[in-house]
Amino acid sequence: MWRRCLLSGTVLWLAAAAPASAFMAYVSNEKGNTVSVIDTDSWTVTKTIKVGQRPRGIEFSRDGKFVMVAVGDDDTIQVIDAKKQEVVDTLPSGPDPELFTQDAAGKIMYVANENDNTVTVIDLEKRARIGDVQVGVEPEGMTISPDGKILINTSETTNMAHFIDTSTRQIVANVLIDARPRFAEFKHDGSELWVSSEIGGTVSIIDPVKHVVTGKVTFNIPGLRSEAIQPVGIGMTKDDKTAFVALGPANRIAVVDAVNHKVTKYLLVGQRVWHMAFTPDEKYLLVTNGVSNDVSVIDVAAQKVIKTIQVGELPWGVTIAPQ
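Residues numbered from 1 in each chain as written. Predicted model: local features only at pLDDT ≥ 70, side-chain atom pairs only at ≥ 80, totals over all residues. Heavy atoms only, no water.

Considering only enclosed or pocket space, the largest pocket measures out at about 1300 Å³ in volume. Lining of the largest pocket is provided by 43 residues; of these, E59, R62, E185, H188 and T319 occupy positions nearest its centre. Elements with a minimum of two residues in the lining of the largest pocket: β4 (55-60), β8 (97-102), β12 (139-144), β16 (181-186), β20 (234-236), β24 (273-278) and β28 (315-320). Of the residues belonging to the lining of the largest pocket, the class tally is 22 nonpolar, 13 polar and eight charged. Its boundaries defined by the atoms lining it, the second largest pocket holds a volume of some 200 Å³. Lining of the second largest pocket is provided by 14 residues; of these, S61, D63, G106, L124 and R127 occupy positions nearest its centre. Its residues assigned to classes, the lining of the second largest pocket comprises six nonpolar, three polar and five charged. (1 Å grid on protein atoms, 1.4 Å probe; cavity = no way out; pocket = protein on both sides within 12 Å on 5 of 7 lines; lining within 4 Å. Points joined across faces, edges and corners; volume = space filled by probe spheres on them. Helix = DSSP H or I, 4+ residues; strand = E, 2+ residues; numbered from the N terminus. Nonpolar A, V, L, I, M, F, W, Y, C, P; charged D, E, K, R; others polar.)

What follows is the structure, given as structure tokens:
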């Protein structure tokens, strides 16, 4: 009995002493035509993967086995095996794919094709293009509602958020927002849709049921002209209480109270901040800085930048393996 207790205690001690497995982050480098792999234990780049021309949108498959990256100038989606860390397949898309999203099951992918004003629908199991949805001019932002029933696409030149029924693949509503919408993000409870407008300098809060703008997040940074504040990527905490907004050439991340839609803090990061991703435990937020060629690491609880990691040329998107 004593020996069993001793062995049990030893196992528990070893389990406690062993370091937690690192999360792996993948960063698309738009000009470098590479993807940088970051180990979040050591905060170092462990591998650089050569991909196609102009990689931007990047996302893990739902099962965490693959990383998919939109290579805009090659008009395709490349598939990286996360274990081998090499390109193993391609998916069809329209001209100049930029951002994309998946359904909850990881069976269907929706891709914004900037050059032909369409959203391409891809069956991930069959690796086949199964449909297209005509949208506004220069589609970019892509997200799907928590219940999977509504797909959102934002069109940069039309200045609209398009609501698309995923069952019929028909547009059911168009919401006019401020100039050059770049990114869309639902609250996890589905109560609000947030859309960033790069030129408009705002984030619009949209009621997903009534299809109306109910409020806006505005930004004011002392010493900076309003034209320099250009919202792009958005990250929402799982409790829907805090949002982080990348402000482009303002070189800041805005911390926003997601309940009252007010900015509470600005965090100085690298130059020309684009997009972001949380680690699955939500302890850290990684943001890509396009001009300074690096990634800033934010301690989410402390709301503080704790690390800068050099990556490839013009980092744009980032994704982190799900648990």
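Take the environment of V269 next. Mapped onto the elements of the fold, V269 is located in the loop between β23 (262-268) and β24. Separated by 20 residues in the primary sequence, V269 and N289 have C-alpha atoms spaced 7.6 Å apart. The residues touching V269, leaving out its near neighbours within four places in the chain, are N251, R252, I253, V287, N289, S296 and V305. (Contact = heavy atoms within 4.5 Å.)

Sheet architecture is open: four strands sit in the order β12-β13-β14-β15, paired in antiparallel fashion. The open sheet has two free edges, formed respectively by β12 and β15 (170-176), since each of these has just one partner strand. Averaged over all adjacent pairs, the angle separating strand axes in this sheet is 25°, with direction ignored. Two elements, strand β14 (residues 160-165) and β15, share six bridges in a ladder whose sense is antiparallel. Of the residues in β15, the one forming a bridge with M160 is L176. (Pairing = 2+ DSSP bridges. Axes fitted to C-alpha atoms, helices over the stretch in contact; angles between N-to-C directions.)

Most of β24 is tucked away, with six of its six residues classed as buried. When β24 meets strand β25 (residues 284-289), the two strands line up antiparallel, connected through four bridges. Bridging across to β25, V273 finds its partner in N289. (Buried < 20%, exposed > 50% of the residue type's maximum accessible area, 1.4 Å probe, protein only.)

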